[in-house]
Amino acid sequence: MEYNPREIESKWQSYWKNNATYRVSLDLNKPKFYVLDMFPYPSGAGLHVGHPLGYIASDIYARYKKLSGFNVLHPMGYDSFGLPAEQYAIQTGQHPAITTQQNIARYREQLDKLGFNYDWSREVRTSSPEYYAWTQWIFRQLFNHWYNPVTDKAEPIDQLIAQFETEGFAEEQRASLHGGIEANLEPFTAEEWKAFNEKTQREILMNFRLAYLGESYVNWCPALGTVLANDEVINGFSERGGHPVERKLLKQWNLRITAYAQRLLDGLDTLDWFDSIKETQRNWIGRSEGASVHFPLENGQGSIEVFTTRPDTLFGVSFVTLAPEHDLVHTLTTLDQKSAVEAYVNSSKNRSERERMADVNTVSGVFTGAYVLHPFTQEKIPVWIGDYVLVGYGTGAVMAVPAHDERDFKFAKFFSLPILPVISPNQEHDFEEGAWGTKEGTLINSGFLNGLAVKEALSNMLDAIEREGKGLRKVNFRLRDAVFGRQRYWGEPIPVYYKDEVPYLIDEPSLPLTLPEVESYLPTEDGDPPLGRAKQWKHQGLYDYEQSTMPGWAGSSWYFIRYLDPQYPKGLASKEAIDYWGNVDLYMGGAEHATGHLLYARFWCKFLRDLGLVPFDEPFKKMINQGMILGRSSFVYRIVGTTTFVSKELKDNYTTNPIHVDISLVDNDRLDLEGFKAWRAEFQDAEFILGANGEYVCGVEIEKMSKSKYNVQTPDELVERFGADTLRMYEMFLGPVEQSKPWDTKGITGVHGFLKKYWKLFHKEGTFEVTTTEPAKEHWKILHKTIKKIRDDLDRFSFNTGVSTFMICVNELLEARCNHREILEPLTVLLAPYAPHITEEIWEKLGHASGSLCDATYPTFDPEFLVESAYDYPISFNGKMRFILNLPLDYGIDEVQKAVLEHKDSVKWLEGNIPKKIIVVPGKIVNVVL
RNA sequence: GCGGAUGUGGUGAAAUUGGUAGACACGCUAGACUUAGGAUCUAGUGCCGUGAGGUGUGCGGGUUCGAGUCCCUCCAUCCGCACCA
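From a predicted model like this one, the values you see are computed outputs, not experimental measurements. (Residues numbered from 1 in each chain as written. Chains lettered and ligands numbered in written order. Predicted model: local features only at pLDDT ≥ 70, side-chain atom pairs only at ≥ 80, totals over all residues. Heavy atoms only, no water.)

*Asks:* I keep staring at the overall build of chain A and nothing clicks. Help me out?
*Replies:* Within chain A, the regular secondary structure consists of 30 helices and 39 strands. For chain A, the spread of C-alpha atoms along the three principal axes comes to 100 × 85 × 75 Å. Within chain A, the proportion of its 930 residues that are buried is 53%. Of the contacts formed within chain A by residues at least 6 apart in sequence, a portion of 71% connects residues at least 24 apart. Surface accessibility of chain A: about 42100 Å² in total, with carbon and sulfur atoms responsible for 49%. When the 98 positive and 127 negative side-chain charges of chain A are each reduced to one mean point, those points stand 3 Å apart. (Helix = DSSP H or I, 4+ residues; strand = E, 2+ residues; numbered from the N terminus. Buried < 20%, exposed > 50% of the residue type's maximum accessible area, 1.4 Å probe, protein only. Contact = heavy atoms within 4.5 Å. Areas by Shrake-Rupley, 256 points an atom, 1.4 Å probe, with all protein chains shown as cover. Lys, Arg positive; Asp, Glu negative; His and termini not counted. Charge placed at Lys NZ, Arg CZ, Asp CG, Glu CD.)

And the structure:
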């Protein structure tokens, strides 16, 4: 019987489905293991070979854990809200729910063909109302909680209200707040609080809520009619569609992720993730330590607060710069400067992010006419405006020290402002040429800091600032609060309605607040989001609902919890399920979510932890990021002005144009000539100038997979031709799973050949035949060597070397003509995670008529079988290996040395010299030093 | 500019703790069986050299009996961030 993957695979796929082989349930007698794939967005294009790479790796690992006695949770679902379905709806009028449903069906079909061990009874879809009811529920909690900096956790807003009613809001409490809470919030007494009307009270509380309505600059994309997150904007263009993006001040729902900045940073140290991702998150959170310092206005009307990481250079301040959007710009500008300032502020407002980014080197700014006083010297310091200062970072104002900061230097040079060195560099430096930005040197011109090294000056100055009430030590984060509203249709409705323009939450029993039907998915004529078209959609028939929907990352920020108990009607998941399954032990997915999904999910997890809803602080303990699979495009070379195509090696003899050719017409870079002519009408009369062997050789380039480049490889055709087991093993064989690599089917025959050889081990002249006789020592050795290596490779996620190990094992067993059941049966279990179909078939043929191989036990390694009495020592002379010498392993160092020197080949390499030293590492190597 | 990663045959790669560099596979070369199968089997295949041998892990140094692996300098490529005070 021939190995027939198509027959075997459909047989076992139905078996697994009919017997619910992969369904798992809570089992307190077994240790749990949670393996999770980042769930896909079901796009219309279906899966290409890049998608399953991570799924295959996690599937192998999940099966390995299962066979090792763990109760393994391995679920799958769909991140099914998103812009593409909405765009499609705008073009065609088809409801996004229908498109999404169709795409999911296609994904499911493709996934099923690859033989994954997902427990599909646990499927979640972020767009289903049963699921997003709980996404909305979490929003309610965020709205109803604030971050208490004293206890360092989220607490019910009712507790804060109770405190306001008894104690009011004191200045000291205001000072201790952090995490984006408005700095200009005025203190009030309990009596004052009680006297406020409801609207005022709610406005004050909005400053504390973790989900809050706030005015902020957003990335507005006019073409898409929506706001985009920073990570959805690439160089001033939308990630999707490539439309221009501009800055716009908008009232938006925000999540106060900044309250969790420190915890998000600290948590990274506990995670088993790649350093690159952790480092990216650290940079994104961007913690910097320094001080906020007040510069009193010359006219006595308040002060400008700046943030600096270099308070040691305070005596070198020659001006203060405000961001154009800074609140004080209008009040402090003098009459003479008014028109110049207004012109500048307006021009920078109209300058999009894109333009500002494009010319980083252009200096622009304007003098306000106002002055502040230096906090220590009382000298007059001019106040300027410059758009190199960002309103969203620090206080939106900087103290400019041109001698020691490159940007301040450029600004000072451009406007001929004074440059005052306050650090004497420890090497040659010209202060006319540039800033001395490093923290090395000795303080000069700096009053009480003179003579100190920078480090000492820093701490002295910080002490002085606090002691003299000029400011405070402060930690600043680059991280901004996350905008939580999108002007789109296909997302979770935000469970809020408005009464007198004040937002109120929908009651918990009324959730989910489902999406209304609309006749078009475009923004309204008035510029309202698509939900504005649902005129009858009102709370209790009276009050307008919020018209924004949640961003794409809302549903994906907690889906890993829903899988634990996906149908639970009374909460995110039952307590028993959460306590048993806990957080994710292995998370598999792309590295592109480093600053999006992975940060938001960690934030929500910490919040839910604060509420006591989950017992863990981090959602994903270990993560592996699979590399991207790139396309391998093929080219033909058309001689200009003809329909003649020339083989690659001859193309330089002609003037040619390269043309992308569909990779299905190319095998090992050789073009299928007839197929090419039939491919497109314009090529039907094509003629070819062939190269050696009468073949047409195509050119090759590595590019992203894309329809227009004809280089998309879907898994379907490969599964059809070679089977899922071959594709699974081949994707693993390509290289380390975390590495990006071009897709290339060249090697797939090698892996397919391996499975055929494995099949051949059990068959003699077409019939299944294994012997129950006792295997030879050599056979046991091959098996246990393989068990050890396979387990080691799985434990370090080295799937590519695992495949090689199986190849070596099967080659050796064929060579040794081994068909002993005692060897081949454990080998079958060992291989099962990689190739689940063929091994099930063999398992059945081996006589396990009932039950699945999935219930077997993974073979364990017994070192007994590998014990050797002798070893092939590589003998080196001066570090160069010269010959192999087989010696007993119980030889002592002296005996080894003696044996080496007595060997006939040693005479040649000694060249009559007496060795200076002979290094013997028992069981490893011998090195003779001459 | 900052941060992270990578650099090994014609190709994908392996070498887990400093110990035989190139396992495994593709491709290629030669052969066997056959005559259309995208099959199977055998042998060879880093480079130079007929050979003995020499040489070889981006470049240049260093540590070591011994370096792909550790240290220093430089180069190249990829990814992320980027006026962050």
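And the narrative resumes.
*Asks:* Could you clarify how one ought to interpret the protein's contact with RNA strand B in this entry?
*Replies:* Within the structure, RNA strand B sits among 56 residues, and Thr309, Tyr393, Arg407, Leu734 and Met807 are positioned closest to it. Close to the protein, within 4 Å, the atoms of RNA strand B belong to sugar or phosphate groups at a rate of 60%. Tyr388 places a polar main-chain atom, nitrogen or oxygen, 2.8 Å from a sugar or linking oxygen of RNA strand B. Interatomic distance of 2.8 Å between a side-chain N/O atom of Asn800 and a phosphate oxygen of RNA strand B. With six residues, the single largest contributor to the surface near RNA strand B is helix α26 (residues 799–815). (Near = heavy atom within 4 Å. Polar contact = N/O pair within 3.5 Å; in protein donor to acceptor, adjacent residues only side chain to side chain.)

*Asks:* Sorry, what's going on with the pairing of strand β20 (residues 496–499) here?
*Replies:* Within a regular strand, side chains alternate between the sheet's two faces. Relative to strand β21 (residues 502–505), β20 is paired through four bridges, and the arrangement is antiparallel. Note that in β21 the partner of Tyr498 across the bridge is Pro503. Connecting β20 to the next strand, β21, in antiparallel fashion are two residues, including Asp500 with a positive phi near 50°. (Pairing = 2+ DSSP bridges.)

*Asks:* For this particular structure, what's the right way to read the side chain of Arg533?
*Replies:* Relative to the helices and strands, Arg533 resides in the loop between β21 and β22 (538–539). At 2.8 Å, the side chain of Arg533 forms a polar contact with the backbone oxygen of Pro523. Setting aside its immediate chain neighbours within four residues, Arg533 contacts Val518, Glu519, Ser520, Leu522, Pro523, Thr524 and Glu525.

*Asks:* What should I look at first to understand the packing of helix α23 (residues 724–733) against helix α24 (residues 748–761) in this one?
*Replies:* For any two helices packed against each other, the geometry is given by the interaxial angle and the distance between the axes. Running from N to C, α23 and α24 point in directions that differ by 125°, and their axes come no closer than 9 Å. Here α24 runs oblique to α23, going by the angle between their axes. Crossing handedness for the pair α23 and α24: right-handed. Packed against α23, whose contacting residues are Asp725, Thr726, Met729, Tyr730 and Phe733, the element α24 presents Ile748, Val751, His752, Phe754 and Leu755 at the interface. Of the residues belonging to the contact of α23 with α24, the class tally is seven nonpolar, two polar and one charged. (Axes fitted to C-alpha atoms, helices over the stretch in contact; angles between N-to-C directions. Parallel < 35°, antiparallel > 145°, perpendicular 65-115°, else oblique. Left-handed = near helix turned anticlockwise from the far one by under 90°. Nonpolar A, V, L, I, M, F, W, Y, C, P; charged D, E, K, R; others polar.)

*Asks:* Could you clarify how one ought to interpret the sheet that holds strand β13 (residues 365–373) in this entry?
*Replies:* Strand pairing in a sheet relies on backbone hydrogen bonds. The paired strands run either parallel or antiparallel. Spatial strand order, β13-β14-β12-β15: four strands in an open sheet with mixed pairing. The open sheet is flanked by β13 and β15 (397–400), the only strands paired with a single partner. Across this sheet, the average inter-strand angle for adjacent strands is 30°, counted without regard to direction. As paired elements, β13 and strand β14 (residues 380–386) share six bridges and run antiparallel to each other. Bridge pairing in β14 places Tyr371 opposite Pro382.

*Asks:* I keep staring at the sheet that holds strand β18 (residues 471–477) and nothing clicks. Help me out?
*Replies:* Overall, antiparallel pairing links the three strands, which are arranged β11-β10-β18 in an open sheet. Of all strands in the sheet, those with a lone pairing partner are β11 (303–308) and β18, marking the two edges. Averaged over neighbouring strand pairs, the angle between their axes works out to 30° when direction is ignored. Pairing of strand β10 (residues 287–296) with β11, which is carried by six bridges, proceeds in the antiparallel orientation. Bridging across to β11, Ala291 finds its partner in Thr308.

*Asks:* What is the right way to read the nonpolar core from this model?
*Replies:* Across soluble globular proteins, you tend to see nonpolar side chains buried next to one another. Counting 175 residues, the largest nonpolar core has Tyr559, Phe560, Trp604, Met729 and Leu827 as the members making the most contacts within it. Residues within four places of Phe560 in sequence aside, it is in contact with Tyr34, Leu36, Val584, Ala601, Phe616, Pro619 and Phe620. Core analysis: the next-biggest nonpolar cluster, separate from the first, contains 41 residues, Val329, Ala370, Leu443 and Leu462 among them. (Core = buried A, V, L, I, M, F, W, Y, C linked by side-chain atoms within 4.5 Å.)

*Asks:* Any chance you could explain unusual backbone geometry here in plain terms?
*Replies:* Between Leu511 and the following residue, Pro512, the backbone shows a cis peptide bond with an omega angle of -5°. Summarising the element assignment, Pro512 is placed in the loop between β21 and β22. The backbone of Ser416 sits at a positive phi, close to 50°, despite the residue not being glycine. Within the secondary structure layout, Ser416 lies in the loop between α15 (406–414) and β16 (423–424). Despite not being glycine, Asn445 has its phi angle at roughly 50°, a positive value. Along the chain, Asn445 turns up in the loop between β17 (442–443) and α16 (454–467).

*Asks:* Would you mind going over the confidence of the model for chain A with me for this structure?
*Replies:* Any region with low pLDDT has predicted coordinates that should not be read closely. Confidence in the prediction for chain A averages 89 pLDDT; 95% of positions are at 70 or higher. We note a pTM of 0.91 for the whole complex and an ipTM of 0.94 for its interfaces. (pLDDT = per-residue confidence, 0-100.)

*Asks:* In this structure, what is going on with a nonpolar patch on the surface? I would like to understand it.
*Replies:* On the surface, Tyr217, Leu249 and Val391 cluster together to form a nonpolar patch covering roughly 220 Å² of accessible area. Mapped onto the elements, Tyr217 comes out in strand β5 (residues 211–221). (Patch = residues over 30% accessible without salt bridge, like charges linked within 9 Å, V, L, I, M, F, W, Y side chains within 5 Å. Salt bridge = Lys/Arg side-chain N within 4 Å of Asp/Glu carboxyl O.)

*Asks:* I tried to follow the packing of helix α22 (residues 715–722) against α23 on my own but got confused; where do I start?
*Replies:* Orientation of α22 relative to α23, taken along the N-to-C sense of each, is 120°, at an axis distance of 7 Å. Comparing their axes, α23 and α22 come out oblique. Listed contacts from α23 to Pro715, Leu718, Val719 and Phe722 of α22 are Ala724, Thr726 and Leu727. For the contact of α22 with α23, the class distribution of residues is six nonpolar, one polar and no charged.

*Asks:* Would you mind showing me how to read the environment of Trp253 here?
*Replies:* Note on placement: Trp253 falls in strand β9 (residues 246–255). What makes Trp253 buried here is its relative accessible area of 1%. C-alpha of Trp253 to C-alpha of Ala482: the two residues are 229 residues apart in sequence and 8.6 Å apart in space. A distance of 3.4 Å separates the side chain of Trp253 from the side chain of Tyr498, its partner in a polar contact. Here Glu546 takes part through its side chain, which lies 2.8 Å from a polar atom of the side chain of Trp253.

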